[in-house]
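Now for the letters of each chain:
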Amino acid sequence: MRLSNIIFPSKCIFCGRITADGKRACDECVKRLPYVTEPVCKHCGKPIADSSQELCTDCRTWDHPGLDSSVALFVYLDETKKAMADLKYGGCFKDAGFYADELCRHFYGRIRRWHADVLVPIPIHRRRMRYRGYNQAELVAAELGQRMGLPSQGLLRRTRYTSPQKDLNAQKRRENLRCAFEVDESVFRPDAHESIVLVDDIYTTGATLEACAGLLKKAGARAVYAVCICIGSEA
């Protein structure tokens, strides 16, 4: 065992207990994690109660001009909420590697079938970046890119500081994001970025991902998909 593991032992990102062999999640928590399982919405990947339906309520209600398809790893429940807050606000940089491992393990084949050219993290506003010091989606995208042999690149910029999405309903979320992003034309190349996979931490109504996907398609992308760590559920 490394001396560093003795002095600074690894702890489970979900329960906080010391783990063996540097694991980021203990075996007990992994067994209880709310992985997304079928039936799921064919568009956003959200678990649904009625297996006869192809789409969840949100995806049946709203148009989807940008995003072609999305998948998520966990259902956003009590078991994952604290871990997501730690990743997003707690400076738990190393946790990104665990989520990248799991995303790769579950969706490697799907991302390959999407013929992905690049992974693109959802950007945060520079004001939030100054306060927080990092973008959690950027960390996960970089780790996932290393595992899949894909570049992770910031093709989008957040141009407007917006209210937190969690405090808004679906309609207000879409209004809140109007003109909040732009494509970085200094790095975006339609010939090299035909199939794009957006990376984000939590999918709620999909307003952020749809807004970003729509901009990328207007700029010339052929297809835009998304992978997320957590997603809500109507099941």
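Within every chain, residues take consecutive numbers counted from 1 along the sequence as written. For this predicted model, a pLDDT threshold of at least 70 governs which residues receive local features, and a threshold of 80 or more governs which side-chain atom pairs are given and counted, while totals over whole chains, interfaces and linings are taken from all residues. The basis for every side-chain value is the complete set of heavy atoms in the structure, and neither hydrogens nor water enter the calculation.

Some thoughts on the overall build of the protein
Secondary structure counts use DSSP, requiring at least four H or I residues in a row for a helix and at least two E residues in a row for a strand, with both numbered from the N terminus. Summing up its helical and strand segments, the protein has 9 helices and 6 strands in all. When the 235 residues of the protein are sorted by exposure, 48% land in the buried category. Considering only contacts within the protein whose residues lie at least 6 apart along the sequence, 74% involve residues at least 24 apart. What sets the accessible areas is the Shrake-Rupley method with a 1.4 Å probe; for residues, cover comes only from the shown protein chains. About 12,200 Å² of surface is accessible on the protein, with carbon and sulfur atoms providing 49% of the total. For every residue, the accessible area obtained with a 1.4 Å probe (protein chains only) is divided by the maximum for its type, and the residue is called buried under 20%, exposed over 50%, and partly exposed between those limits. Throughout, a contact is declared for two residues whenever any of their heavy atoms are within 4.5 Å.

Concerning the sheet that holds strand β2 (residues 118–121)
Strands in a sheet are paired, the pairing made by backbone hydrogen bonds, and the direction either parallel or antiparallel. Paired strands, in this sense, are two strands between which DSSP finds at least two bridges. Spatial strand order, β1-β6-β5-β2: 4 strands in an open sheet with parallel pairing. Of all strands in the sheet, those bounded by a partner on one side alone are β1 (69–75) and β2. Within this sheet the neighbouring strands show an average axis-to-axis angle of 20 degrees, counted without direction. Here β2 runs beside strand β5 (residues 195–203); their pairing, made up of 4 bridges, is parallel. Along β5, the bridge assignment pairs Val120 with Leu198. Only the contacting stretch of a helix is used when fitting its axis, a line to C-alpha atoms as for every element, and angles between N-to-C directions run 0 to 180 degrees.

Some thoughts on the packing of aromatic side chains
What describes a pair of aromatic rings is the distance from one ring centre to the other and the angle between the planes of the rings. Any two rings among Phe, Tyr and Trp, with Trp reduced to its six-membered ring, count as a pair given centres within 6.5 Å; such a pair is stacked if its planes are under 30 degrees apart, edge-to-face if over 60, and tilted if neither. A full pass over the atoms with the stated rule returns 6 aromatic pairs. Ring geometry for Phe14 against Phe74: centres 6.4 Å apart, planes inclined by 85 degrees, an arrangement best described as edge-to-face. With a gap of 60 residues between them, Phe14 in the loop between α1 (3–7) and α2 (27–32) and Phe74 in strand β1 connect regions that are remote in the sequence. Phe74 matches Phe14 in its accessibility class, with the two residues each being buried. Here Phe93 and Tyr134 contribute two aromatic rings whose centre-to-centre distance is 4.8 Å and whose plane-to-plane angle is 85 degrees, an arrangement assigned as edge-to-face. Taken as a pair, Phe93 in the loop between α4 (78–89) and α5 (95–113) and Tyr134 in the loop between α6 (126–132) and α7 (136–148) lie far apart in primary sequence, 41 residues in all.

Structural notes on the confidence of the model for the protein
Here pLDDT means the predictor's own confidence in every residue, given as a number from 0 to 100. For the protein, mean pLDDT is 89; residues scoring 70 or higher make up 88% of the total. Low pLDDT (under 50) marks residues 1–7, which in the prediction has 2 contacts with non-local residues, meaning those over four places away or in another chain.

Here we look at α4
For a helix, the expected span equals 1.5 Å multiplied by the number of residues minus one. Taking 1.5 Å as the rise per residue, α4 with 12 residues should run 16 Å; its terminal C-alpha atoms sit 17 Å apart, in good agreement. All of the buried residues in α4 are Thr80, Ala83, Met84, Asp86 and Leu87. The buried residues of α4 occupy an angular sector of 160 degrees when the element is viewed end-on, so they sit on one face. Residues of α4 that are exposed and point more than 90 degrees away from the buried face comprise Asp78, Lys82 and Tyr89. Summarising the contacts, the buried residues of α4 are in contact with β1, α5, α7, β5 and β6 (223–231). Looking one or two residues beyond α4, the residue adopting positive phi is Gly91, at roughly 70 degrees. Within this analysis, the arc is defined by the directions that extend from the helix axis to the C-beta atoms.

Let's talk about the nonpolar core
Nonpolar cores are built from buried Ala, Val, Leu, Ile, Met, Phe, Trp, Tyr and Cys residues. Side-chain atoms within 4.5 Å join them into one set. Counting residues in each nonpolar core, the largest one holds 38 residues, and the members touching the most others are Phe14, Phe74, Tyr99, Ile111, Leu144 and Ile229. The set of elements that each furnish at least two residues to this core consists of β1, α4, α5, α7, β5 and β6. Looking at which element gives the most residues to this core, the answer is α5, with 8 residues. Grouped together as the second largest cluster of nonpolar side chains are 31 residues, Ile48, Tyr203, Cys212 and Ala213 included.

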